[in-house]
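Summary of the model geometry
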Amino acid sequence: MFHTRNNTQNEVEFVCLEDLVPQDHLLRKVDKYIDFSFIIDKVKPYYSEDNGRPSLDPLVLFKMMFIGYFFGIRSERQLEKEIQTNVAYRWFLGLKLSDSVPHHSTISWNRRKRFKDTNIFQEIFDETVMKAINNRMVGGRVLFTDSTHLKANANKHHFTKEEVEVETRDYIEELNKAIEEDRNQHGKKPLKEREEVKQTKTIRKSKTDPESGFMSRDHKQEMFCYLDHRTTDMKYNIITDAYVTPGNVHDSVPYLERLDRQIQRFDFQVEAVALDSGYLTNPICKGLSDRNIFGTIAHRRFHPTKGLFPKWKFTYNKEQDLYTCPNGEMLNYSTTSREGYREYKSDPKKCVTCPLLDQCTRSKNHQKVLTRHVWEEHKEKIRENRLSRSGKMLYKYRKEKVERSFADSKQLHGLRYCRLRGLHNASEQVLLTAACQNMKKIATHLAKLG
C-alpha cells in the first residue's frame, strides 16, 4: 500500500563509526596494510619540541592529503567539505562524527612554511617503494620509463620571450674525450681549444607560472606545462621513480641520472629497460651499454630528402671504417667534428660520372658526405635489441606498464592538470599521486593474499 516516511533527521541515535564503513572500502585496506608511522619520524625535525601551540597531528595532515590524491579531489577546500560528510574519510582520519574537520588552510600553510624547500614528499614516495620491495612486489630487473605532461595553470598567450643559456650536458666531458681518442686513432691532430662561448636560446616564459615550460610538439597541443618523468617496475607495475621538469626539457635529459638514483637508492640490479623513441639518443645508448643493461627503444622515423637515397642504403664496413654506396663505390673517412661525428666523403671524380648521382646528392661539387657518431655502434646495438625476440616482447609490455600508470593517474587521481603553480608544487603533486598509486596497489595486493 502507499506509504511515506516521516522526517527523522532530528532523532538521536547511537551508532558506531566502525559499522558505517563498508568492509571492502579502499581506505580499510590501506589502513590495515600501510603503516604510516614512518611519517612521524620524517616530519619531526620540522616541528618545535617546546614552543608554540600544539600542532595538528602530522598523520592527520598527510592522511587528508592522501585522501585527496586517492579519490582525485583536486581542491583542498572541496576536500574539507568531503571529509565533513563522508564517514569513511572520518574513520580513516580517526575523527568522530562530532569532531571538527581541520581547516583546508592548514595544508597550504604547512606546504608554504613548514615543508618549504624540504625533501619530505620525495622521502614519503621512497618509503612506499621500500614497502613494495619488502613485500616482494618489485623485482628491480626490468624497468619502463616515459613522460607525460601536466597542463600548468597558465594561459599560453600570456608570456614574454627571454634569452637563456643552453645548459651543458652531463656527458660533454666524456664525449670530448671520445672525440680526442677517435681523432688520434685516425691520425688527426687534436682540435684546437676554442673560447668558451655561452650558447643561448630564446624561450617563452609564462607571466603566470614562470617555472613552467612551453611545450610545442608534433600532433600535440601547445601549452605551458610540466613533465612527469616516471619509471615503473615490470613485476607489479609499482612506480619506482617520479621526477618533474618544465615542459620544454627533453625526455632524454634526466633519464640516466634518475636511473642511477634508483640503482643506488633501492639497490636495483637492472637488466633491461624499455623506452619510447624520444630516448633514442647516442648518450643514452652509450649509457645503457656502459651499465650493461639490455635496452629496447622504439624506432624514430626520419624523413629523408625526397628523391635521394636514405642513409641505410649505404653499407658501413667496420673493419675498413668506410661506407659503400649503392653503386659500389667507397666513402672514406675524412675527419671527426667537434660535435662527435665522423665524416665520410666520396670521390667527386667518380661521382660525376655515376648513373645514380641524381638519387645520391645534389651538392655542387658532386661529393656525397655521410656522418657517423663516435658512439653510433651503441645505438646500432639498441636497434638490434629492438628487432630481437626479447626486445619485441619487452617493448610490447610498455603500454601495459608505464602508459597504464599514466592513464590511472590522469583518470582516477587528478593528474591531468597542475593543482598549484611552481616546480616544487608540481613535484609535490606528482610524488604524492605516485605514492598513493603505490599504496593502493600494495594494499589491494596484500588484501587478496589475505
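This report concerns the structure included in the present document.

This part takes up the layout of surface pockets. Within this model, the second largest pocket holds a volume of roughly 680 Å³. What lines the second largest pocket is a set of 21 residues, and nearest its centre among them are Arg217, Asp218, Asp276, Ser277 and Gly278. Where the lining of the second largest pocket is concerned, the elements lending two or more residues are strand 1 (142-151) and helix 16 (398-412). When residues of the lining of the second largest pocket are assigned to their parent elements, the largest contribution, four residues, is made by strand 1. For the lining of the second largest pocket, the per-class residue count stands at two nonpolar, nine polar and ten charged.

To continue, consider empty space enclosed by the protein. As enumerated under the stated definition, the model contains three cavities of 30 Å³ or more in all. Volume-wise, the largest cavity comes out at about 130 Å³. If you go around the largest cavity, you meet 16 residues; those closest to its centre are Cys325, Asn327, Cys351, Cys354 and Cys360. Among the elements of the structure, strand 11 (330-336), helix 12 (348-351) and helix 13 (357-360) are those that each provide at least two residues to the lining of the largest cavity. Of the residues in the lining of the largest cavity, the class split is eleven nonpolar, two polar and three charged. Lining the second largest cavity are Thr145, His229, Arg230, Thr231, Asp241, Asp251, Pro254, Tyr255, Arg258, Leu259, Gln262 and Tyr279. Contributing elements (two or more residues each) for the lining of the second largest cavity: strand 5 (223-233) and helix 10 (255-266). In terms of residue class, the lining of the second largest cavity is built from four nonpolar, four polar and four charged.

Before going further, it helps to spend a moment on the packing of aromatic side chains. For any two aromatic rings, the description comes down to two numbers: the centre-to-centre distance and the angle of the planes. Here the structure, examined in full by the defined rule, presents 16 aromatic pairs. Between Phe71 and Tyr89, the aromatic rings sit 5.3 Å apart at their centres with planes inclined by 35°, giving tilted as the arrangement. Taken together, the residues Phe71 in the loop between helix 4 (58-70) and helix 5 (76-85) and Tyr89 in helix 6 (residues 87-93) connect sequence positions 18 residues apart. Ring-pair connections join several aromatic residues into one group, and the members of that group are Phe36, Tyr46, Phe62, Phe66, Phe92, Phe115 and Phe121. Above the plane of the ring of Tyr47 lies Arg114, whose end atom (NZ or CZ) is 3.8 Å from the centre. Arg419 extends its terminal NZ or CZ atom over the ring of Tyr69, reaching a point 4.0 Å from the ring centre.

The grouping of Val15, Leu20 and Leu97 at the surface amounts to a nonpolar patch, some 250 Å² of accessible area in total. Its location among the elements puts Leu20 in helix 1 (residues 17-20).

What the rule picks out here adds up to 22 salt bridges. The partner of Arg111 in a salt bridge is Glu76, and the shortest N-O contact between them spans 2.5 Å. Here Arg111 is found in helix 7 (residues 104-114), whereas its partner Glu76 is found in helix 5, with 35 residues between them in sequence. Under the relative-accessibility criterion, Arg111 is labelled buried at 9%. For Glu377, the salt bridge goes to Lys318, with nearest N and O atoms at 3.8 Å. Remark: Lys318 occurs in the loop between strand 9 (315-317) and strand 10 (322-324) and Glu377 occurs in helix 14 (residues 376-387); sequence separation between them is 59 residues. Given a relative accessible area of 41%, Glu377 falls into the partly exposed group. Beyond isolated ion pairs, a larger network of salt bridges with shared partners links Glu76, Arg111 and Glu428.

Attention now moves to the packing of helix 8 (residues 120-134) against helix 17 (residues 423-449). For the pair helix 8 and helix 17, the least separation of the axes is 9 Å and the interaxial angle reads 20°. In this view, helix 8 runs roughly parallel relative to helix 17, as classed from their interaxial angle. Crossing handedness for the pair helix 8 and helix 17: left-handed. For the pair helix 8 and helix 17, contact is made by Phe121, Gln122, Ile124, Phe125, Thr128, Val129, Lys131 and Ala132 and by His424, Glu428, Leu431, Leu432, Ala434, Ala435, Asn438, Met439 and Ile442, respectively. A breakdown of the residues in the contact of helix 8 with helix 17 according to their chemical character gives eleven nonpolar, four polar and two charged.

It is worth spelling out unusual backbone geometry at this point. One non-glycine residue, Arg136, lies in the positive phi region at around 60°. Counting through the fold element by element, Arg136 comes out in the loop between helix 8 and strand 1. Classification of Arg136 as exposed rests on a relative accessible area of 68%. Unlike most non-glycine residues, Asp321 shows phi in positive territory, near 55°. Along the chain, the position of Asp321 falls in the loop between strand 9 and strand 10. Judged by relative accessible area, which is 15%, Asp321 ranks as buried.

Calculation criteria
Residues numbered from 1 in each chain as written. Predicted model: local features only at pLDDT ≥ 70, side-chain atom pairs only at ≥ 80, totals over all residues. Heavy atoms only, no water. 1 Å grid on protein atoms, 1.4 Å probe; cavity = no way out; pocket = protein on both sides within 12 Å on 5 of 7 lines; lining within 4 Å. Points joined across faces, edges and corners; volume = space filled by probe spheres on them. Helix = DSSP H or I, 4+ residues; strand = E, 2+ residues; numbered from the N terminus. Nonpolar A, V, L, I, M, F, W, Y, C, P; charged D, E, K, R; others polar. Phe/Tyr/Trp six-rings, centres within 6.5 Å; stacked < 30°, edge-to-face > 60°. Lys NZ or Arg CZ within 6 Å of the ring centre and 35° of its normal. Patch = residues over 30% accessible without salt bridge, like charges linked within 9 Å, V, L, I, M, F, W, Y side chains within 5 Å. Areas by Shrake-Rupley, 256 points an atom, 1.4 Å probe, with all protein chains shown as cover. Salt bridge = Lys/Arg side-chain N within 4 Å of Asp/Glu carboxyl O. Buried < 20%, exposed > 50% of the residue type's maximum accessible area, 1.4 Å probe, protein only. Axes fitted to C-alpha atoms, helices over the stretch in contact; angles between N-to-C directions. Parallel < 35°, antiparallel > 145°, perpendicular 65-115°, else oblique. Left-handed = near helix turned anticlockwise from the far one by under 90°. Contact = heavy atoms within 4.5 Å.

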